[in-house]
Amino acid sequence: MLKPILLVEDNPNDLELTLIALSKSQLANQVIVVRDGAEALDYLHRRGEHAQRTAGNPAVVLLDLKLPKVDGLEVLKEIRTTDGLKPLPVVMLTSSKEEQDLVRSYELGVNAYVVKPVDFTEFVRAIADLGIFWAVLNEPPPGSQKYIKPNK
């Protein structure tokens, strides 16, 4: 069973571009979209409208920094301080180039910090590379499931 990718993005344009880019990478992983930090935490903790979802963590969380309700840094902080979520790969996917955001993200334990490229072609390539790396190439922590391509 493939683990989903959790995409936390509130900007409709960035959301659409990210989904297009992920589909171009031809990943078979389902992409779960949430629009704010509070919903991301509800999904991860299996509460609220996500209480009935299948147990287990996503392959990766693609997390925007500037989010309504709970910002990306607070989501990251909770992930890194919650036992069942600590090993979860988190990629900060943001338009912020502010040094303080970059430094704080790494202090809180982000796995990667990617500034969204302005150019569409570069954006598609960056997102496709992220999806392939985290969902297919990355070796997950012990106890996680890894996607294994079926033999043809």
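Reading guide: rules and limits
Residues numbered from 1 in each chain as written. Predicted model: local features only at pLDDT ≥ 70, side-chain atom pairs only at ≥ 80, totals over all residues. Heavy atoms only, no water. Helix = DSSP H or I, 4+ residues; strand = E, 2+ residues; numbered from the N terminus. Buried < 20%, exposed > 50% of the residue type's maximum accessible area, 1.4 Å probe, protein only. Contact = heavy atoms within 4.5 Å. Areas by Shrake-Rupley, 256 points an atom, 1.4 Å probe, with all protein chains shown as cover. Pairing = 2+ DSSP bridges. Axes fitted to C-alpha atoms, helices over the stretch in contact; angles between N-to-C directions. pLDDT = per-residue confidence, 0-100. Arc of directions from axis to C-beta. Polar contact = N/O pair within 3.5 Å; in protein donor to acceptor, adjacent residues only side chain to side chain. Phe/Tyr/Trp six-rings, centres within 6.5 Å; stacked < 30°, edge-to-face > 60°. Lys NZ or Arg CZ within 6 Å of the ring centre and 35° of its normal. Salt bridge = Lys/Arg side-chain N within 4 Å of Asp/Glu carboxyl O.

Asks: With reference to specific residues and values, describe the overall build of the chain.
Replies: The number of helices and strands found in the chain is five helices and five strands. Ordered by position in the sequence, the α and β elements of the chain form the string β-α-β-α-β-α-β-α-β-α. Burial statistics for the chain: of 152 residues in total, 45% are counted as buried. Looking at the chain alone, contacts between residues at least 24 apart form 63% of all its contacts between residues at least 6 apart. Carbon and sulfur atoms make up 50% of the accessible area of the chain, which amounts to about 8400 Å² in all.

Asks: Go over the sheet that holds strand E2 (residues 31-34), please, and point to the residues and values.
Replies: Strand pairing within a sheet occurs via backbone hydrogen bonds; the two strands may be parallel or antiparallel. Spatially, E2-E1-E3-E4-E5 is the arrangement adopted by the five strands of the open sheet, whose pairing is parallel. On the outer flanks of this sheet lie E2 and strand E5 (112-115), each paired with one strand and no other. For this sheet, the mean inter-axis angle between neighbouring strands, taken without regard to orientation, is 20 degrees. Where strand E3 (residues 60-63) meets strand E4 (residues 90-94), three bridges bridge the pair, whose relative direction is parallel. Paired with Leu-63 across the bridge in E4 is Met-92. Packed on one face of the sheet, helix H4 (residues 99-107) meets E4 and E5 and runs near 155 degrees to E5.

Asks: Explain the confidence of the model for the chain to me, and be specific about the residues and the numbers.
Replies: On average, residues of the chain score 84 in pLDDT, and 85% of them reach the 70 mark or higher. Taken as a whole, residues 143-152 scores under 50 in pLDDT and shows 12 contacts with residues more than four places along the chain or in a different chain.

Asks: Could you give me a rundown of helix H3 (residues 72-80), with the residues and numbers involved?
Replies: Three or more residues of H3 are buried, namely Gly-72, Leu-73, Val-75, Leu-76, Ile-79 and Arg-80. The arc enclosing the buried residues of H3, seen along the axis, measures out at 160 degrees, which places them on a common side. Of the residues flanking the start of H3, the one acting as N-cap is Asp-71, its side-chain oxygen 3.2 Å from the backbone nitrogen of Leu-73.

Asks: How would you sum up the packing of aromatic side chains? Please name residues and give values.
Replies: Evaluated as defined, the whole model comprises zero aromatic pairs. Seen from the ring of Tyr-43, Arg-53 lies directly overhead, with NZ or CZ sitting 4.1 Å from the centre.

Asks: Go over the pattern of salt bridges with me, naming the residues and quoting the values.
Replies: Applying the stated rule across the entire model yields eight salt bridges. One salt bridge in this structure joins Lys-66 and Asp-101, with 3.3 Å as the shortest N-O distance. With Lys-66 in the loop between E3 and H3 and Asp-101 in helix H4, this residue pair connects regions lying 35 residues apart in the sequence. Lys-66 sits in the partly exposed class, given a relative accessible area of 47%. The class for Asp-101 is buried, based on a relative accessible area of 6%. A cluster of three or more residues bridged by salt bridges with shared partners is formed by Glu-9, Asp-14, Asp-64 and Lys-116.

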